[in-house]
Amino acid sequence: MGARPAPPGAIIKMWKPEKNSLHVDSRTSPTPHGRHHDDPAAVTSNVRKAGPIRTSTEAEDPDNRTRPTVDHPKTRNDHTPLLNMEAKIDKDGTPDTRLHRKPQKKLPTLHSSSHHPPSVKEHTIANMHETADNVSSNSTNKHHSERMADEPPLNNGYTNRALDRIKDRRKNKRSTPPRRSRDREAPDTVTTPKAPLPSDRRTPKIKEAAKSLQIPARVATTPGKKLRDTLTSSRPLDKKKCPNNDCRTCTALNNSGNCRDRNLVYEVKCGYPECRQNGIGLYNGETYRPIGDRFTEHFRSANNPTAKSYKDMPFAKHYATHHQDSHPNLELKVLQHTSTTVDRKIKEARFILKNKPDLNNRDEQIELRKYLV
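Overview of the structure. Since we're looking at a predicted model, the values are computed, not measured. (Residues numbered from 1 in each chain as written. Predicted model: local features only at pLDDT ≥ 70, side-chain atom pairs only at ≥ 80, totals over all residues. Heavy atoms only, no water.)

### Comments concerning the sheet that holds strand β10 (residues 330–337)
- Spatial strand order, β9-β8-β10: three strands in an open sheet with antiparallel pairing. Each of the sheet's edge strands pairs with one partner strand only, and the pair in question is β9 (282–287) and β10. With direction set aside, neighbouring strand axes in the sheet form an average angle of 25°.
- Across seven bridges, the pairing between strand β8 (residues 264–270) and β10 is antiparallel. Looking across to β10, one finds that Y266 is bridged to V334. (Pairing = 2+ DSSP bridges. Helix = DSSP H or I, 4+ residues; strand = E, 2+ residues; numbered from the N terminus. Axes fitted to C-alpha atoms, helices over the stretch in contact; angles between N-to-C directions.)

What follows is the structure, given as C-alpha cells:
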C-alpha cells in the first residue's frame with residue numbers, strides 16, 4: 001500500500017474497495033482471493049477479467065490513491081510475481097515457485113565494511129538463503145533462487161568464499177539436531193553477569209570457559225558506550241536544573257548534587273548536634289530512582305515516625321527514639337554514581353562496610369547475595 005499507518009490502517013481502508021469490487025460480480029470475481037498483511041491479492045483465469053477488477057477497485061477509493069497492479073505471464077512458460085516469489089502452474093497442475101525480487105535502484109543488504117557485528121551480517125545473509133529455500137518448489141528453482149540471493153551480498157563487498165563459508169555453517173547448523181532442554185543439567189543457582197561486548201571472537205570463548213568450568217552463570221554481553229551517545233545530545237554542556245524553587249532535597253545536598261540524579265549510592269545522616277557527637281543517625285543506601293524521591297521517603301518517615309507505613313523505616317525508628325516531636329533535620333550526600341544494578345549493590349555494601357552506619361540492618365547483604373551467587 002505504501003500508506004501510513006500500515007498494515008492495520010491499510011487493511012481497514014482496503015476492506016470497502018475489496019468488498020464492493022471483488023465480491024459483487026460473479027463473472028469477474030476471482031477464484032482465490034486473500035491478503036498478506038496490507039497486500040491484497042487476487043487470481044483470475046485471464047487478463048481480461050483482471051482489468052475490470054482493477055478499475056472497479058480504483059473507483060471505490062474516495063481518495064483516489066489506490067493503484068492496483070496486474071501481473072501476468074507474457075507466455076505460458078513464464079512465472080507471475082507474487083510478493084517475494086514468482087509462481088506458475090504446470091500442465092499437470094503442479095505449482096512451480098521460486099524467489100522473486102522487485103526491481104530496485106540498489107540491492108538492500110548490509111555492506112561487508114559496515115560497522116555491524118559480523119554475526120549480524122552472517123545472519124542476514126543466512127536468512128536470505130533460508131527464504132530462497134522456502135519459496136522454491138524443486139531443486140532447479142532452488143538453484144535459481146540461491147543465485148538471486150547471492151546477488152545482493154556480491155554487490156556489497158562480499159566474496160564467493162565468504163558466502164560459501166556462511167552457507168556451510170548454515171547447513172551444519174540445520175543438520176545438527178537441537179538439544180532438548182530436559183537433556184541439559186540445569187545448575188541449582190544461575191546468575192547472569194553482564195559485561196561489555198569485547199569482540200565476536202572472544203565472547204564465545206568466555207561462554208565456553210564458563211561452561212567447561214561448570215560455573216553456574218549465563219554470560220550476557222551488553223553494548224558499550226557508542227560515539228552516538230556522546231555526540232547526539234543537542235546541549236551536552238547544560239546542567240540538570242531542579243524544577244522546584246524551594247527543593248528540600250537540593251537544600252539537603254547543599255549544592256553537591258541534584259534531586260534528579262539517579263542510579264547512585266547515597267548517605268543520609270541526622271543533623272542534630274547530639275547525634276553528630278555520638279556518631280549515630282547514619283544511613284547508607286542505594287536507589288535507581290531519582291534521589292529526590294528516595295530522600296522524600298526518608299524525610300516523611302522521620303516527620304511521622306509513628307505512622308503504620310513508616311514505623312519500620314530506619315529514620316522513623318531513630319526519631320521515635322531520640323527526637324520525639326522534633327522537626328526532621330536530615331543531611332544528604334551522594335557517595336557515588338553507578339552504572340548497573342549489580343554495580344550499585346556492590347558499592348552500597350562496600351560503603352556500609354567502610355562507614356558502619358548504625359541505621360542499616362543486614363538485609364542489604366542478604367539482597368546482594370541474590371546478584372552475586
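Text resumes after the structure shown.
### Topic: unusual backbone geometry
- Despite not being glycine, N263 shows a phi value in the positive range, around 60°.
- The topology assignment puts N263 in the loop between α8 (248–253) and β8.
- One non-glycine residue, K356, lies in the positive phi region at around 50°.
- Positionally, K356 belongs in the loop between α12 (341–355) and α13 (363–372).
- On the accessibility criterion, K356 (62% relative accessible area) is exposed. (Buried < 20%, exposed > 50% of the residue type's maximum accessible area, 1.4 Å probe, protein only.)

### What about the pairing of strand β4 (residues 85–89)?
- In this structure, strand β3 (residues 80–82) lies alongside β4, joined through three bridges in antiparallel fashion. Bridge assignment links P81 to a residue of β4, and that residue is E86.
- Bridge count between β4 and strand β5 (residues 95–99): five bridges; the pairing is antiparallel. The residue bridging E86 from the neighbouring strand is R98, located in β5.
- Where β4 folds back on β5, the antiparallel hairpin that results is connected by five residues, among which G93 adopts a positive phi of roughly 90°.

### Focus on a positive patch on the surface
- Taken together, K269, K333, R350 and K354 make up a surface patch of like positive charges.
- For K269, the position within the fold is in strand β8. (Patch = residues over 30% accessible without salt bridge, like charges linked within 9 Å, V, L, I, M, F, W, Y side chains within 5 Å. Areas by Shrake-Rupley, 256 points an atom, 1.4 Å probe, with all protein chains shown as cover. Salt bridge = Lys/Arg side-chain N within 4 Å of Asp/Glu carboxyl O. Lys, Arg positive; Asp, Glu negative; His and termini not counted. Charge placed at Lys NZ, Arg CZ, Asp CG, Glu CD.)

### So, the packing of helix α10 (residues 291–303) against helix α11 (residues 314–322)
- Relative to each other, α10 and α11 sit at 30°, their axes nearing to 7 Å. The pairing of α10 with α11 is recorded here as roughly parallel in orientation. α11 is crossed by α10, and the crossing has right-handed handedness. Residues H298, S301 and A302 of α10 touch α11, and the partners they reach there are F315, A316 and Y319.
- Per-class residue counts for the contact of α10 with α11 are four nonpolar, two polar and no charged. (Parallel < 35°, antiparallel > 145°, perpendicular 65-115°, else oblique. Left-handed = near helix turned anticlockwise from the far one by under 90°. Contact = heavy atoms within 4.5 Å. Nonpolar A, V, L, I, M, F, W, Y, C, P; charged D, E, K, R; others polar.)

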